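Each chain is listed here by its residues.
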Amino acid sequence: FTDDTTDILEPVEDGRLAEALEEQINKMKSIKETRKSLPVYQYRQEILDSIRQHQILIVVGETGSGKTTQLPQFLVEDGYTNDGKCVVCTQPRRVAATSIASRVADEMDVILGKEVGYNIRFDDRTTPDKTILKYTTDGMLLREFLNDPQLSSYSAIMIDEAHERTLSTDILLGLLRGILQDRKDLRLIISSATMNATKFSKFFFDCPIFNVPGRRFPVDIHYTLQPEGNYINAAITTIFQIHTTQKLPGDILVFLTGQEEIESMQTKLLEILSKLDNTKFPDLLVVPIYANLPQEQQSKIFEPTPKNCRKVVLATNIAETSLTIDGIKFVVDPGFVKEQSYSGGVSKLVTVPCSRASVDQRAGRAGRLGPGKCFRLFTKWSYYNELEKVPKPEILRTKLNQVVLLLLSLGINDLLHFPMLDKPKTIQLSEALENLYAIGALNSRGAITKVGQVMCDFPCDPEYAKVIYSSVFEESCNGVLPEIVTIVSMLQESNSIFVPGLNSEEKTKLFGSLMQSSDHMLYLWIYEQWEENGYSRRWCQDFKLQHKTMKRVLRIRQQLWKYCRKQDFLLKHDQNLTQLKENMPRSVIEAKIIKCFISGFPTNIAKLSKQGYTNIKQDLSVSVHPSSVIFNRMKQEGKPMKYILYQSLMLTSKEFIRDCITFDKYEWLTETMPHIYK
Ligand code: ADP
Ligand code: MG
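Conventions we followed
- Residues numbered from 1 in each chain as written.
- Chains lettered and ligands numbered in written order.
- Predicted model: local features only at pLDDT ≥ 70, side-chain atom pairs only at ≥ 80, totals over all residues.
- Helix = DSSP H or I, 4+ residues; strand = E, 2+ residues; numbered from the N terminus.
- Rg over C-alpha atoms; globule rule 2.2 N^0.38 Å.
- Expected span 1.5 Å × (residues − 1).
- Buried ≥ 20, exposed ≤ 12 C-beta atoms within 10 Å, placed from the backbone.
- UniProt positions renumbered as here; feature names shortened; annotations may be inferred.
- Core = buried A, V, L, I, M, F, W, Y, C linked by C-beta atoms within 7 Å.
- Contact = placed C-beta atoms within 7 Å.
- Pairing = 2+ DSSP bridges.
- Axes fitted to C-alpha atoms, helices over the stretch in contact; angles between N-to-C directions.
- pLDDT = per-residue confidence, 0-100.
- Near = placed C-beta within 6 Å.
- Nonpolar A, V, L, I, M, F, W, Y, C, P; charged D, E, K, R; others polar.
- Right-handed = clockwise from strand over helix to strand, strands pointing away.
- Left-handed = near helix turned anticlockwise from the far one by under 90°.
- Parallel < 35°, antiparallel > 145°, perpendicular 65-115°, else oblique.

A. How the structure looks around the overall build of the protein. Looking only at helices and strands, one finds 27 helices and 21 strands in the protein. Against the 2.2 N^0.38 benchmark of 26 Å for 678 residues, the protein shows a C-alpha radius of gyration of 26 Å, consistent with a compact globule. Seen along its three principal axes, the alpha-carbon backbone of the protein occupies a region of about 70 × 65 × 65 Å.

B. Main features of helix α17 (residues 462-473). Given a rise of 1.5 Å per residue, twelve residues ought to cover 16 Å, and the 16 Å separating the end C-alpha atoms of α17 matches this to within 8%. Turning to α17, its buried residues number three or more, namely Pro462, Glu463, Tyr464, Ala465, Lys466, Val467, Ile468, Tyr469, Ser470, Ser471 and Val472.

C. How the structure looks around the UniProt feature "domain: Helicase C-terminal" (unreviewed entry) in the protein. Under the local residue numbering, the UniProt record ascribes the feature "domain: Helicase C-terminal" (unreviewed entry) to residues 238-411. Annotated as residues 238-411, this span is 33% helix and 26% strand, and its ends, taken at the C-alpha atoms, are 54 Å apart.

D. Fine view of the nonpolar core. One finds Val254, Val313, Ile468, Ile484, Val488, Ile644 and Leu645 to be the most contacted residues of the largest nonpolar core, which totals 163 residues. For isoleucine 484, the contacting residues outside a window of four places in its chain are Val467, Ile468, Ser471, Ile593 and Cys596.

E. Up close: the sheet that holds strand β6 (residues 154-159). Strand order in the open sheet made by the eight strands is β4-β3-β5-β2-β6-β7-β1-β8, with mixed pairing throughout. Either end of the sheet is taken by a strand with one partner, and the two such strands are β4 (123-125) and β8 (209-212). With direction set aside, neighbouring strand axes in the sheet form an average angle of 20 degrees. Note: strand β2 (residues 86-91) against β6, five bridges, orientation parallel. Counted as the bridge partner of cysteine 89 is methionine 158 from β6. Seen against the sheet, helix α2 (residues 44-53) touches β1 (56-61), β7 (187-192) and β8 and runs at an angle of roughly 155 degrees to β1. In this fold helix α6 (residues 167-179) packs onto β2, β6 and β7, with an angle of close to 140 degrees to the strand it touches most, β6.

F. Quick look at the confidence of the model for the protein. The share of residues in the protein with pLDDT of 70 or more is 97%, and the mean pLDDT across the chain is 91. Low pLDDT, under 50, characterises residues 1-12; the predicted model gives this stretch five contacts beyond four residues in sequence or across chains. Here the prediction assigns the complex a pTM of 0.89, and the interface score ipTM is 0.98.

G. Quick peek at helix α1 (residues 17-37). Counted at 1.5 Å a residue, the expected span for α1 with its 21 residues is 30 Å, and the 30 Å between its end C-alpha atoms agrees. When you tally the buried positions in α1, you get zero out of 21 residues, a small fraction of the element.

H. Expanded view of unusual backbone geometry. That bond from leucine 248 to proline 249 is cis: its omega, -10 degrees, falls within 30 degrees of zero. Position of proline 249 among the secondary structure elements: in the loop between α8 (231-245) and β10 (251-255). Despite not being glycine, aspartate 129 has its phi angle at roughly 65 degrees, a positive value. Within the secondary structure, aspartate 129 sits in the loop between β4 and β5 (133-137).

I. Geometry of the site of ligand 1. Lys67, Thr68, Thr69, Arg103 and Phe302 are the nearest of the 16 residues found near ligand 1. For the shell around ligand 1, the secondary structure elements donating two or more residues are α3 (67-77) and α4 (94-107). If one sorts the elements of the shell around ligand 1 by residue count, α3 sits on top with four residues. Each residue belonging to the shell around ligand 1 can be placed in one class, and the counts come to three nonpolar, ten polar and three charged.

J. Local environment of the sheet that holds strand β12 (residues 309-315). Spatial ordering of the open sheet is given by β9-β16-β13-β10-β12-β11, a layout of six strands whose pairing is parallel. At either margin of the open sheet sits one strand with a lone partner, and together these are β9 (219-222) and β11 (283-289). The average angle at which neighbouring strand axes cross in this sheet is 20 degrees, direction not considered. Here β10 runs beside β12; their pairing, made up of four bridges, is parallel. Note that in β12 the partner of phenylalanine 255 across the bridge is alanine 315. Helix α12 (residues 356-364) rests against β9, β10, β13 (328-333) and β16 (372-376) of the sheet, and its axis sits at about 150 degrees to β13.

K. Representation of the pairing of β7. Most of β7 is tucked away: six of the six residues are buried. Side chains Arg187, Ile189 and Ser191 project from β7 onto one buried face, and the interleaved Leu188, Ile190 and Ser192 project onto a second face that is buried too. As paired strands, β1 and β7 are joined by five bridges and run parallel to one another. The residue bridging isoleucine 58 from the neighbouring strand is isoleucine 190, located in β7. Examined bridge by bridge, β6 and β7 share four bridges and lie parallel to one another. What sits directly across from alanine 156, in β7, is arginine 187. Note on the crossover from β6 through α6 to β7: the handedness is right-handed.

L. Spotlight on the environment of glutamine 402. Within the secondary structure, glutamine 402 is located in helix α14 (residues 401-409). Beyond its immediate chain neighbours, meaning those up to four positions away, glutamine 402 contacts Asp461 and Pro462.

M. Just the packing of helix α5 (residues 138-147) against α6, in detail. Packing of α5 against α6 brings their axes to within 9 Å, and their N-to-C directions diverge by 40 degrees. Considering only the axes of α5 and α6, their crossing is left-handed. Along the contact surface, α5 presents Asp138, Gly139, Leu141, Leu142 and Phe145, while α6 presents Ser168, Thr169, Ile171, Leu172 and Leu175. When its residues are assigned to classes, the contact of α5 with α6 shows six nonpolar, three polar and one charged.

N. Geometry of the packing of helix α18 (residues 481-492) against helix α20 (residues 519-532). Running from N to C, α18 and α20 cross one another at 100 degrees; their axes reach a closest spacing of 9 Å. As the angle between them shows, α18 and α20 are arranged roughly perpendicular. Together, Glu483, Thr486, Ile487, Met490 and Leu491 of α18 and His520, Tyr523, Leu524 and Tyr527 of α20 make up the contact between the two elements. Class assignment of the residues belonging to the contact of α18 with α20 gives a composition of six nonpolar, two polar and one charged.

O. Quick look at the pairing of strand β19 (residues 621-624). Residues Val622 and Val624 point to one face of β19 and are all buried, whereas Ser621 and Ser623, pointing to the other face, are not buried. Pairing of strand β18 (residues 612-615) with β19 involves two bridges; the strand directions are antiparallel. Looking at β19, one finds that tyrosine 613 is bridged to valine 622. Linkage of β18 to β19, two consecutive antiparallel strands, is achieved through a turn of five residues.

P. Geometry of the environment of tyrosine 41. In this fold, tyrosine 41 is placed in the loop between α1 and α2. A C-alpha to C-alpha distance of 9.4 Å links tyrosine 41 and lysine 67, two positions 26 residues apart in sequence. Not counting chain neighbours up to four residues away, the residues in contact with tyrosine 41 comprise Arg35, Lys36, Gly66 and Gln70.

Q. Spatial organisation of the environment of glutamate 339. If you trace the backbone, glutamate 339 turns up in strand β14 (residues 336-343). Between the C-alpha atoms of glutamate 339 and leucine 651, which are 312 residues apart in sequence, the distance is 10.0 Å. Every residue in contact with glutamate 339, bar those within four places of it in the chain, is listed here: Val350, Val352 and Arg397.

As structure tokens, this is what we get:
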């Protein structure tokens with residue numbers, strides 16, 4: 001099977017060769033001119049001098065001024081990669097890392113994956129000994145500390161979008177602060193949109209701050225007079241008001257909270273458009289951008305808008321500061337963002353109002369090329385009285401299991417005194433320790449166990465690593481390693497396996513009795529069938545699955561399998577199989593699968609109670625999301641199941657649980673997790 005993303009030069013007819021060449025030359029020229037026109041370009045030498053002089057520099061500048069694409073190139077041009085070392089730039093988001101690496105490869109006129117590359121989880125596009133400039137996620141650079149605690153392959157590190165204050169960025173900054181003393185040759189650049197700069201400077205021994213003066217045109221801000229009950233409908237109305245009353249050119253950027261919202265709005269917009277008298281108004285081109293969008297569709301947002309057409313970009317807050325789309329004149333901002341939150345042992349995704357700093361950033365996106373307008377779908381009163389000033393750093397509102405495990409495995413035992421911009425509460429740390437103990441990563445003295453070390457090594461969340469581990473080493477559930485690795489791989493991409501908008505009736509037609517099982521078992525069946533059918537695209541189309549996603553799943557599975565081999569899991573698994581009776585019935589396999597998941601997610605369990613389902617640890621009532629197989633089953637079956645294990649919890653209109661599998665026996669909990677459930 002072919003990789004659709006390989007660079008293939010389109011064959012050109014002889015007569016058109018000159019034309020094609022000219023086009024290429026023009027493209028390079030325009031890229032060069034664009035580079036020179038960016039605000040950072042004027043300060044190139046000053047910035048480079050400053051970096052020579054100071055080991056640490058903070059660079060602050062308006063979004064779109066060229067920090068992310070240009071600064072790392074300046075460093076390469078200034079010789080930072082001459083001695084075989086590499087320049088690396090981190091991004092909080094995968095989409096930003098890949099899309100910017102691809103842009104920079106174009107600017108440097110090299111092939112992506114060679115001199116310029118990216119490395120995100122499960123997708124490494126770099127070439128050892130060749131890549132000199134690498135874009136990566138903050139989480140991936142953090143993992144590099146495990147193999148190389150001094151990060152000795154880098155001469156310069158740029159921590160970009162530091163103002164986002166993701167958990168990984170915060171921990172990275174803490175660790176880097178520690179190694180800079182030993183690595184006097186290493187340069188650290190911290191770049192941020194226009195907030196928080198002094199806080200970073202204080203943290204880094206009062207290092208200098210370089211301000212890149214931006215250009216920004218005035219943006220007219222409009223508020224609604226009353227709070228909006230339904231911001232999606234309000235946004236659609238606003239989009240059409242702009243479209244039918246405002247002159248071209250002038251593209252629209254709409255901020256939504258996630259893929260689902262974006263997809264549903266896209267459908268609604270297209271529906272309305274099909275009814276609109278298209279002789280009266282220009283065309284409206286709808287383009288989405290969110291993390292799970294396939295890459296070639298992502299690049300669509302950067303394509304120039306055709307003549308006599310208006311582009312409307314439906315984006316998550318990735319377009320707030322990470323990606324800059326040229327040509328935006330109107331911003332529509334409902335003022336919400338989806339955030340990870342964690343309290344009382346339960347972690348979930350919630351939609352919350354943005355901070356003032358965020359909505360101001362968003363408004364700024366309308367004023368890059370000329371005066372613009374921003375339509376806020378909330379009241380002025382709310383802006384001044386209800387919104388927080390700045391977003392809450394992730395470290396204060398998320399589960400710390402993974403980073404605590406990482407720090408412990410790096411030998412950092414005194415977590416309370418580890419340098420951090422904002423310290424998590426002691427209770428957060430003790431909860432993380434407790435959780436890690438529960439899944440066996442730590443022993444009762446708080447020291448990291450052998451299993452814990454394995455969990456740290458796996459390129460997935462420690463909870464999933466534990467599930468995989470159990471499928472080999474736990475007596476009650478061993479023998480199902482291949483099945484477990486498949487399900488875990490599918491779960492990493494479960495948001496985008498089915499084609500968008502596929503409803504449960506259609507699913508029932510396609511998958512029949514599997515819709516009476518569970519999400520986990522359906523995923524397993526899908527993958528195994530796809531494999532049996534030669535990983536075929538046609539097969540995916542027949543079953544309304546996204547072939548692109550399935551290929552990603554395949555790649556994830558291969559990598560997890562590689563780790564299993566590295567850890568000698570395969571050897572042990574083969575021994576298990578010879579001891580177990582061959583051809584276990586499906587029901588036995590399923591029981592084992594459930595126990596494996598209990599061992600990794602012992603508290604992601606809802607139990608049947610009078611009011612429906614409630615989390616087993618906390619009195620929190622939850623509902624099964626309509627996209628789940630279990631939801632379908634609950635509609636059909638008279639007898640409800642006692643326990644539901646779920647992979648994620650999301651608060652929208654209700655507390656929804658997704659990716660679920662059910663069981664009836666309480667003994668499975670006591671048997672698998674005696675230290676919690678006995
Ligand atoms: P900053 O990091 O300061 O926000 P960037 O370096 O991301 O700024 O962006 C500089 C310019 O490069 C912007 O005008 C942006 O539109 C352009 N750019 C970035 N990525 C791409 C891309 N993939 N395709 C086309 N233009 C891009
Ligand atoms: Mg940037």
